[in-house]
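# Structural characterization, general
Here is what each chain is made of, one letter per residue.
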Amino acid sequence: MRWRRLILQGVLVTVLLVAVGVACHKSAPTDQELTQKLVGTWITDEAGGNYRFYGENSFHRDGMHSADEIMHADGGTTRWSFSGIWDIKDGKLVASGEVYRSDSSAVETYQVEERIESLTEDELVLVNEKGNRLVRHRKRF
């Protein structure tokens, strides 16, 4: 009789541990969920010893994106204007298109792939190919 009770207790403990593990396990968001969360405008605002960088990057529902960025450094100012397409593939933000620079008459193309480390309602954290973390905040209108 005692061994039956021990077996029953063991089974109950196992079931309880499995249930708690399943409840605590957070599955990674799908590409579709990330896509829905990313739509909107994200702000970059950084400053250092001799520079200030500000940018607004908008991801539209139709897969288009646009961005305007400005860098004040060493007494000069450079502006960039991006337009292109974006998608989420395997948890990575993939974007490509054209960029216009204020200090150049040439139109350049770009292609970016950055891993999405985290994405909440207010904060986007990307990791670029060099391993640098890029933190963005949602623009509130």
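The paragraphs below set out a description of the structure included in this document. (Residues numbered from 1 in each chain as written. Predicted model: local features only at pLDDT ≥ 70, side-chain atom pairs only at ≥ 80, totals over all residues. Heavy atoms only, no water.)

### Observations concerning the sheet that holds strand 7 (residues 123-127)
- Sheet architecture is closed into a barrel: 8 strands sit in the order 1-2-3-4-5-6-7-8, paired in antiparallel fashion. Pairs of neighbouring strands in the sheet enclose a mean axial angle of 30 degrees, with direction left out of account.
- Lying over the sheet, helix 2 (residues 31-38) contacts strand 1 (40-47), strand 2 (51-59), strand 4 (76-89), strand 5 (92-101), strand 6 (107-119), strand 7 and strand 8 (133-138), oriented at roughly 145 degrees with respect to strand 4. (Pairing = 2+ DSSP bridges. Helix = DSSP H or I, 4+ residues; strand = E, 2+ residues; numbered from the N terminus. Axes fitted to C-alpha atoms, helices over the stretch in contact; angles between N-to-C directions. Contact = heavy atoms within 4.5 Å.)

### Quick look at the pairing of strand 4
- Inspection of the sheet shows strand 3 (residues 64-73) paired to strand 4 by 10 bridges, in the antiparallel sense. Looking at strand 4, one finds that Ala73 is bridged to Gly76.
- Hairpin connection between strand 3 and strand 4: a loop of 2 residues separates the two successive antiparallel strands, and Asp74 in this loop has a positive phi of roughly 50 degrees.
- Bridge count between strand 4 and strand 5: 10 bridges; the pairing is antiparallel. By the bridge assignment, Ser83 is partnered in strand 5 with Glu98.
- Counting the residues that bridge the hairpin from strand 4 to strand 5 gives 2 residues, and of these Asp90 lies at a positive phi of roughly 55 degrees.

### A closer look at the packing of aromatic side chains
- Under the defined criterion, the tally for this structure stands at 3 aromatic pairs.
- Relative to Tyr110, the ring of Phe82 has its centre 5.1 Å away and its plane inclined at 85 degrees; by these criteria the two rings are edge-to-face. One end of the pair, Phe82, is in strand 4; the other, Tyr110, is in strand 6, with 28 residues separating them in the sequence.
- Residue Phe82 is classed as buried on the basis of its relative accessible area of 17%. (Phe/Tyr/Trp six-rings, centres within 6.5 Å; stacked < 30°, edge-to-face > 60°. Buried < 20%, exposed > 50% of the residue type's maximum accessible area, 1.4 Å probe, protein only.)

### Considerations on the environment of Asp90
- Within the fold, Asp90 resides in the loop between strand 4 and strand 5.
- Asp90 gets classed as exposed once you look at its relative accessible area, which sits at 75%.
- For the pair Asp90 and Asp31, spaced 59 residues apart in sequence, the C-alpha separation works out to 6.5 Å.

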